[in-house]
Amino acid sequence: MRIPLFTALLLTASNVFMTFAWYAHLKELNQRPWYVAALISWGIALFEYLIQVPANRLGYTTLSLPQLKIMQEVIALAVFAPFCLLYMHQPLKLDYLWAALCLLGAVYFIFRS
């Protein structure tokens, strides 16, 4: 159980960098040319990959590839939701709950065996 938990923690850290690399420029750099935002985002994304690649290599020692992918997707959305609400000030919608329930179904089916 240690490796999946450590993998999840590394993927969570990786997804924080990924989310900021992909979306923070929409708020912080929206008046700058796109290529400035792209260069800054690539710089942030470097840290994502420095965490994500070891996380996937470690996780793949005990998890199947589909399990690893579903774990990453659930973590990505779990990181994105607070980012969206707290950082980008987007409104909370009931549809997010339904989407989260669908994700729980994906987790159940991929990890049930």
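All values reported here derive from a predicted model rather than from experimental measurement.

J.: Help me understand the overall build of the protein chain, please; the structure alone is not making it clear to me.
T.: The helix and strand tally for the protein chain stands at four helices and zero strands. For the protein chain, the succession of helices and strands along the chain, N to C, is α-α-α-α. Expressed as a percentage of the 113 residues in the protein chain, the buried residues total 27%. Restricting the contact set of the protein chain to residue pairs at least 6 apart, pairs at least 24 apart contribute 84%. Element-wise, carbon and sulfur atoms account for 73% of the exposed surface of the protein chain, whose accessible area totals about 8,000 Å².

J.: What exactly am I supposed to notice about the nonpolar core here?
T.: Burial of nonpolar side chains together is a common tendency in soluble globular proteins. One finds A8, L11, A55, L63, L68, M71, I75 and V79 forming the largest nonpolar core, which totals eight residues. Every element with two or more residues in this core is listed here: helix 1 (2–28) and helix 3 (65–87). A per-element tally of this core places helix 3 first, with four residues. Those residues in contact with A55, other than ones at most four positions away along the chain, are T7, L10 and L11.

J.: Please explain the packing of helix 3 against helix 4 (residues 94–111) as it appears in this structure.
T.: In a pair of packed helices, the angle between the axes and the distance between the axes together describe the arrangement. Taken N-terminus to C-terminus, the directions of helix 3 and helix 4 make an angle of 160°; their axes are 10 Å apart at the nearest point. In terms of their interaxial angle, helix 3 and helix 4 are classed as roughly antiparallel. Of the two possible hands of crossing, helix 3 and helix 4 adopt the one that is left-handed. Packed against helix 3, whose contacting residues are P66, Q67, I70, V74 and L77, the element helix 4 presents L103, A106, V107, I110 and F111 at the interface. Broken down by class, the residue content of the contact of helix 3 with helix 4 amounts to nine nonpolar, one polar and no charged.

J.: For this particular structure, what's the right way to read the state of the cysteines?
T.: Joining two cysteines, a disulfide is a covalent bond between their sulfur atoms. All told, the structure shown has zero disulfides when counted by the stated rule. Not engaged in a disulfide, the cysteine C84 finds its nearest cysteine sulfur in C102; these two sulfurs lie 18 Å apart. In this structure C84 comes out as buried when scored by relative accessible area, which is 12%.

J.: Teacher, can you tell me more about a nonpolar patch on the surface here?
T.: Together, L94, L97, W98, L101 and L104 make up a nonpolar patch on the protein surface, roughly 520 Å² of accessible area in all. As for its placement among the helices and strands, L97 is situated in helix 4. By relative accessible area, L97 is classed as partly exposed at 42%.

J.: In this structure, what is going on with the UniProt feature "transmembrane region" (unreviewed entry) in the protein chain? I would like to understand it.
T.: UniProt marks residues 34–53, 74–90 and 96–111 with the feature "transmembrane region" (unreviewed entry), using the numbering shown here. The span residues 34–53 is 100% helical and 0% strand by assignment, and the distance between its end C-alpha atoms comes to 27 Å. Measuring from the first to the last C-alpha atom of residues 74–90 gives 20 Å, for a span that is 82% helix and 0% strand.

Reading guide: rules and limits
- Residues numbered from 1 in each chain as written.
- Predicted model: local features only at pLDDT ≥ 70, side-chain atom pairs only at ≥ 80, totals over all residues.
- Heavy atoms only, no water.
- Helix = DSSP H or I, 4+ residues; strand = E, 2+ residues; numbered from the N terminus.
- Buried < 20%, exposed > 50% of the residue type's maximum accessible area, 1.4 Å probe, protein only.
- Contact = heavy atoms within 4.5 Å.
- Areas by Shrake-Rupley, 256 points an atom, 1.4 Å probe, with all protein chains shown as cover.
- Core = buried A, V, L, I, M, F, W, Y, C linked by side-chain atoms within 4.5 Å.
- Axes fitted to C-alpha atoms, helices over the stretch in contact; angles between N-to-C directions.
- Parallel < 35°, antiparallel > 145°, perpendicular 65-115°, else oblique.
- Left-handed = near helix turned anticlockwise from the far one by under 90°.
- Nonpolar A, V, L, I, M, F, W, Y, C, P; charged D, E, K, R; others polar.
- Disulfide = S-S within 2.5 Å.
- Patch = residues over 30% accessible without salt bridge, like charges linked within 9 Å, V, L, I, M, F, W, Y side chains within 5 Å.
- Salt bridge = Lys/Arg side-chain N within 4 Å of Asp/Glu carboxyl O.
- UniProt positions renumbered as here; feature names shortened; annotations may be inferred.

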